[in-house]
Amino acid sequence: MLFYDSPNPAPNPRRVRIFAAEKGIDLPAREVSIPKREQKAPDYVAKNPRGQTPILELDDGTVIAESVAIMRYLEALHPDPPMFGTTPLEIAEIEMWSRRVEMIAMPPIAAVWVHTHPFTAALPGRNAEWGEANRPRVAEAFRFFDQSLADRDFLAGPAYSAADILLLTTADFAEFVGCGMPEDCENLRGWHEHVSARPSAKA
Ligand SMILES: N[C@@H](CCC(=O)N[C@@H](CS)C(=O)NCC(=O)O)C(=O)O
């Protein structure tokens, strides 16, 4: 098994690294440099036609792309500690919150990243106005999660889960992009401090 990884600030490979660290899985890895565009090299695109990291290549050559799919594969191989829930309700709540991170927070952060950040200046089709228009949507998304965290320690319930990993990596990437958590999001900031103190967050 070989994990094709990209270092921080890339948020999607980091999800898998944190997940593996939480489970104590040692993933052999190869670095794919996004600044050097190695994810668009023909031999890599042959593995993942999306030309993105991460991927997990199995010993028989099968490739799993999409960070959450890789996490689910690892969960099936290493069920303890469970990160996607075990009861029907836990499973549904972790899925609900994971989808909310991906559908509410990530798209506007990605728009700010792609359309305004100096690192993406060479990408075709940049529209700075559209990027700027997404900043309030990022803040609105963070406020939603802030309110949601008012009554609990973790995003999807009483235990740390894959949903927390998605929100943590998203919040840290947003900070890097320059549209991080608003100062007054106290619940969210408290949660962030708490989950960032876990050893896995160093991944
Ligand atoms: N939905 C994919 C997103 C993968 C993705 O956007 N990866 C970024 C790194 S965090 C990437 O490869 N960016 C370079 C590019 O798109 O060319 C996943 O969850 O794995």
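Keep in mind it's a predicted model, so treat the numbers as computed, not measured.

## A look at the overall build of the chain
Helix and strand content of the chain: 8 helices and 4 strands. For the chain, the sequential pattern of α-helices and β-strands runs β-α-β-α-β-β-α-α-α-α-α-α. In terms of overall size, the chain behaves like a compact globule, its C-alpha atoms giving a radius of gyration of 17 Å where 203 residues would be expected to give roughly 17 Å. Counting only C-alpha atoms, the chain reaches 45 × 45 × 25 Å along its principal axes. Taken across its 203 residues, the chain has 45% of its residues classed as buried.

## Describing the domain arrangement of the chain
By domain assignment, the chain separates into domain 1 (2-77) and domain 2 (88-202). For domain 1 versus domain 2, the distance between C-alpha centres works out to 21 Å. The interface is formed by 13 residues belonging to domain 1 together with 16 residues belonging to domain 2. Of the roughly 1,300 Å² buried at the junction of domain 1 and domain 2 (both faces included), carbon and sulfur atoms supply 61%. Its largest share of buried area at the contact with domain 2, domain 1 owes to Arg-14, Arg-15 and Glu-22, together 41% of the area lost on that side. The partner of Glu-95 in a salt bridge is Arg-72, and the shortest N-O contact between them spans 2.8 Å. Where domain 1 meets domain 2, there are 6 residue pairs in polar contact (both at pLDDT 80 or more).

## Here we look at the site of the ligand
Of all residues adjacent to the ligand, which total 14 residues, the nearest are Gln-39, Lys-40, Thr-53, Glu-66 and Ser-67. A distance of 2.8 Å separates an oxygen atom of the ligand from a polar atom in the side chain of Lys-40. Calculation on the ligand without its partners gives an accessible area of 510 Å², and the protein chains cover 77% of this total. Of the residues forming the shell around the ligand, the biggest block, 4 residues, is contributed by helix 1 (residues 11-23). Residue classes in the shell around the ligand are distributed as 5 nonpolar, 6 polar and 3 charged.

Conventions and cut-offs
- Residues numbered from 1 in each chain as written.
- Predicted model: local features only at pLDDT ≥ 70, side-chain atom pairs only at ≥ 80, totals over all residues.
- Heavy atoms only, no water.
- Helix = DSSP H or I, 4+ residues; strand = E, 2+ residues; numbered from the N terminus.
- Rg over C-alpha atoms; globule rule 2.2 N^0.38 Å.
- Buried < 20%, exposed > 50% of the residue type's maximum accessible area, 1.4 Å probe, protein only.
- Domains from an automatic or database assignment.
- Contact = heavy atoms within 4.5 Å.
- Buried area = accessible area lost by both parts, 1.4 Å probe.
- Salt bridge = Lys/Arg side-chain N within 4 Å of Asp/Glu carboxyl O.
- Polar contact = N/O pair within 3.5 Å; in protein donor to acceptor, adjacent residues only side chain to side chain.
- Near = heavy atom within 4 Å.
- Areas by Shrake-Rupley, 256 points an atom, 1.4 Å probe, with all protein chains shown as cover.
- Nonpolar A, V, L, I, M, F, W, Y, C, P; charged D, E, K, R; others polar.

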